[in-house]
Amino acid sequence: MFVSDNLNVNGSGHLTIGGIDTVALAEEYGTPLYVMDEDLIRDNLRRFHESIEKYYGGRGEVHFAGKAFSCMEMCRIVNSEGDGLDAVSLGELYTALKAGFPMEKIGFHGNNKSDEELAFAVEHGVGHIIVDNISELHRLEKIAAEKGVQQKIMFRIKPGIDAHTHKAVMTGQIDSKFGFALETGEAFEAVKEAVSCVNVKLTGLHCHIGSQIFDIFPFEEAAKVMLRFIAKIRDELGYTVTELNLGGGFGIKYLESHDPAPFEEYMERVSAAVKSECEALGLEQPFIYIEPGRSIVASAGITLYKVGARKEIPGIRTYISIDGGMCDNPRYILYQSEYEAVVANKAGEARSEKVTIAGRCCESGDLIGENMPLQHAESGDIIAVLATGAYNYSMASNYNRLQKPAVVMVKDGNSRIAVKRESLEDIIKNDI
Ligand code: LLP
């Protein structure tokens, strides 16, 4: 009935998430409110790591991409499932550290890591630093030497696969701020340098070909390109790269019309591609890392808002204004991303209108969506926007000095706060 299977309608006609009445959640915790279904998060993590067991003999790790949703409670959940993390900043590393996350299970990313960040990562024993460029390699070698350690690294490679054309062609996509290009020889030169470094050890290669990708073919192609490069390194430098990180990017269902492949199919097909390419190249099958972000948390989350004004502009459109907007969900204004919405207290009724859901920020583009099918919504109703668990809380801002909403986790019929709602004091806490 809804885009995410964990949503339902109860006897009062209210929307439920993980079996809990969302109208009651809005009453108890206030709005706007992010609600995350912990069981679904865990289930998604398990589906990925069990598919590595099933199709690749368990020789791999799932690293949840924290940029999709990072907070201490999420780090604890990922850790308790035995999975790793992809972190991209000191803030994400610090969050993990404070949550007691095992730092050796973190891959540290970023195209412009500072010395402070690199030093922090080395000092706290981060498993791999995914080196993006040659200056970073030089700086990291120096920092690791000062600390007297040998830091494991991977290189971020641009495999030249355009995953968004549905053709997965080799586009020679070298115009990206991330990573080393293959076809210019940049990546190979960097590998040559890295293999002679003393305080960094190149153990793996990494690629990430995009996000919200429905098709599995580009992932298979990327894996093959990376393996051919590993073979070239072996052939020309006599050096063995043992790990392959294939990034994230698996698509999820935001709208009924979306039809992503099941996560299991991804690992099944990519494992098969890795195995056959390794055989053809005479390579040992590498240890594999995958970094799903959106696919772990997006469907597990909804955002609850209260309706303020209803504004009908005859012949043009109806605006339904809510008490949040681009400050807690900037994805429409940034990418025109589409969502489904439901009036949570009328969830059993038909979505008989088409409306524009408008945020409360002083900005005309501050919308959650246009032409959205919705039940008749009036002031005081609760609106749930669905599949907002990824890149909503993590991309929220304090524009207009709005306070960021709380994050509530639901599990086994209970709810609890994972992140507190910001207070007015939080808003001014750094002001002098
Ligand atoms: N690994 C790396 C190196 C990445 O750059 C990303 C996402 C991921 C993993 C996780 O990708 P996912 O499985 O979540 O697609 N803010 C945008 C998405 C940006 C993704 C950036 N990198 C959005 O809201 O759609």
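**Thoughts on the overall build of the protein**
Working step 1: Counting its regular elements, the protein contains 12 helices and 21 strands.
Working step 2: Its C-alpha atoms give the protein a radius of gyration of 23 Å, within 12% of the compact-globule value 22 Å for 432 residues.
Working step 3: Projected onto the principal axes, the alpha-carbon positions of the protein cover approximately 70 × 50 × 40 Å.
Working step 4: Counting over 432 residues, the protein shows a buried share of 56%.

**What to know about the site of the ligand**
Working step 1: If you check the shell around the ligand, you find 18 residues, and the closest are Ser211, Glu291, Arg294, Arg331 and Tyr391.
Working step 2: Between the ligand and Arg331 there is a distance of 2.6 Å, counted from an oxygen atom to a side-chain nitrogen or oxygen.
Working step 3: One nitrogen or oxygen atom from the side chain of Tyr391 is found 2.6 Å from an oxygen atom belonging to the ligand.
Working step 4: When isolated, the ligand has an accessible area of 580 Å², and the protein chains bury 86% of it.
Working step 5: Class assignment of the residues belonging to the shell around the ligand gives a composition of 5 nonpolar, 7 polar and 6 charged.

**Observations regarding the confidence of the model for the protein**
Working step 1: Across the protein, the average pLDDT comes to 96, with 97% of residues at 70 or higher.
Working step 2: With pLDDT under 50 throughout, residues 165-172 is counted as low confidence; its partners more than four residues away or in other chains account for 17 contacts.

**Considerations on the state of the cysteines**
The term disulfide refers to a covalent linkage connecting the sulfur atoms of a pair of cysteines.
Working step 1: In total, this model carries 0 disulfides according to the counting rule given.
Working step 2: Here Cys71 stays unpaired: no disulfide links it, and the sulfur of Cys75, its closest cysteine neighbor, is 7.0 Å away.
Working step 3: The class of Cys71 is buried, set by a relative accessible area of 5%.
Working step 4: Of the cysteine sulfurs around Cys207, a residue in no disulfide, the closest is that of Cys278, at 14 Å.

**Some words on the domain arrangement of the protein**
Working step 1: We note that the domain assignment places domain 1 (7-30 + 300-428) and domain 2 (39-297) within the protein.
Working step 2: Relative to domain 2, the C-alpha centre of domain 1 lies at a distance of 33 Å.
Working step 3: At the junction of the two partners, domain 1 supplies 20 residues and domain 2 supplies 19 residues.
Working step 4: Interface of domain 1 and domain 2: buried area, both sides summed, is about 1,700 Å²; carbon and sulfur atoms make up 58% of it.

**Overview of the packing of helix H8 (residues 217-237) against helix H9 (residues 263-281)**
Working step 1: Contact geometry for H8 and H9: axes closest at 9 Å, N-to-C directions at 30°. On the basis of their axis angle, the class for H8 and H9 is roughly parallel. Seen from above, H8 lies across H9 with right-handed handedness. Counted together, Phe217, Phe219, Glu220, Ala223, Lys224, Leu227, Arg228, Ala231 and Arg234 of H8 and Tyr266, Arg269, Val270, Ala273, Val274, Glu277, Cys278 and Leu281 of H9 form the full contact between these two elements.
Working step 2: Among the residues making up the contact of H8 with H9, the classes are represented as 11 nonpolar, no polar and 6 charged.

**Remarks on the sheet that holds strand E1 (residues 7-9)**
Working step 1: Pairing is antiparallel across the open sheet formed by 3 strands, whose spatial order is E1-E2-E3. The strands lining the two open edges of the sheet, one partner per strand, are E1 and strand E3 (20-21).
Working step 2: As paired strands, E1 and strand E2 (residues 15-17) are joined by 3 bridges and run antiparallel to one another. Counted as the bridge partner of Val9 is Leu15 from E2.

**Topic: unusual backbone geometry**
Working step 1: Each neighbour pair has its own omega, and for Thr31 with Pro32 the value is -10°, a cis peptide bond.
Working step 2: Positionally, Pro32 belongs in the loop between helix H1 (22-29) and strand E4 (33-37).
Working step 3: Phi at Gln212 is positive, roughly 55°, even though this residue is not glycine.
Working step 4: Relative to the elements of secondary structure, Gln212 occurs in the loop between strand E11 (200-206) and H8.
Working step 5: Residues other than glycine seldom take positive phi values, yet Asn371 does so here, at roughly 55°.
Working step 6: Relative to the assigned elements, Asn371 resides in strand E18 (residues 367-374).

Cut-off values and rules
- Within each chain, residues carry numbers counting from 1 in the order of the written sequence.
- For a predicted model such as this one, the threshold for reporting local features is a pLDDT of at least 70, and the threshold for listing and counting side-chain atom pairs is 80 or more; totals across whole chains, interfaces and linings nevertheless cover every residue.
- Excluded from the side-chain calculation are hydrogens and water; included are all heavy atoms of the structure.
- Helix and strand definitions here come from DSSP, where helices need a minimum of 4 consecutive H or I residues and strands a minimum of 2 consecutive E residues; each element is numbered from the N-terminal end.
- The globule rule used here is 2.2 Å times the number of residues to the 0.38 power, and the radius of gyration it is set against is calculated over C-alpha atoms.
- Here the term buried applies to any residue with accessible area under 20% of the maximum for its type, exposed to any over 50%, and partly exposed to those in between, with areas from a 1.4 Å probe on protein chains only.
- Throughout this document, a residue counts as near a molecule or strand when at least one of its heavy atoms sits within 4 Å of that molecule or strand.
- As used in this structure description, the phrase polar contact means that two N or O atoms lie within 3.5 Å; if the pair is within protein, one of them must be able to donate a hydrogen and the other to accept it, and residues adjacent in sequence are counted only when both atoms belong to side chains.
- All accessibility values rest on the Shrake-Rupley procedure with a 1.4 Å probe; residue burial counts only the protein chains present in the view.
- Classification used: nonpolar for Ala, Val, Leu, Ile, Met, Phe, Trp, Tyr, Cys and Pro, charged for Asp, Glu, Lys and Arg, polar for all others including Gly.
- Each residue carries a pLDDT score, the predictor's confidence in it, ranging from 0 to 100.
- Note on contacts: a residue pair is in contact if any heavy atoms of the two residues lie within 4.5 Å.
- The disulfide criterion used throughout: a pair of cysteine sulfur atoms within 2.5 Å.
- Boundary definitions for the domains trace back to an automatic or database domain assignment.
- What counts as buried area is the accessible surface, traced by a 1.4 Å probe, that two parts surrender upon association, with contributions from both included.
- Simply put, an axis is a line fit to the C-alpha atoms, just over the touching stretch for a helix, and the angle between two N-to-C directions goes from 0 to 180 degrees.
- The scheme is simple: roughly parallel for angles under 35 degrees, roughly antiparallel for over 145, roughly perpendicular for 65 to 115, oblique for anything else.
- Each crossing gets its handedness from the near helix: less than a right angle anticlockwise from the far helix is left-handed, clockwise is right-handed.
- Two strands pair if DSSP finds at least two bridges between them.

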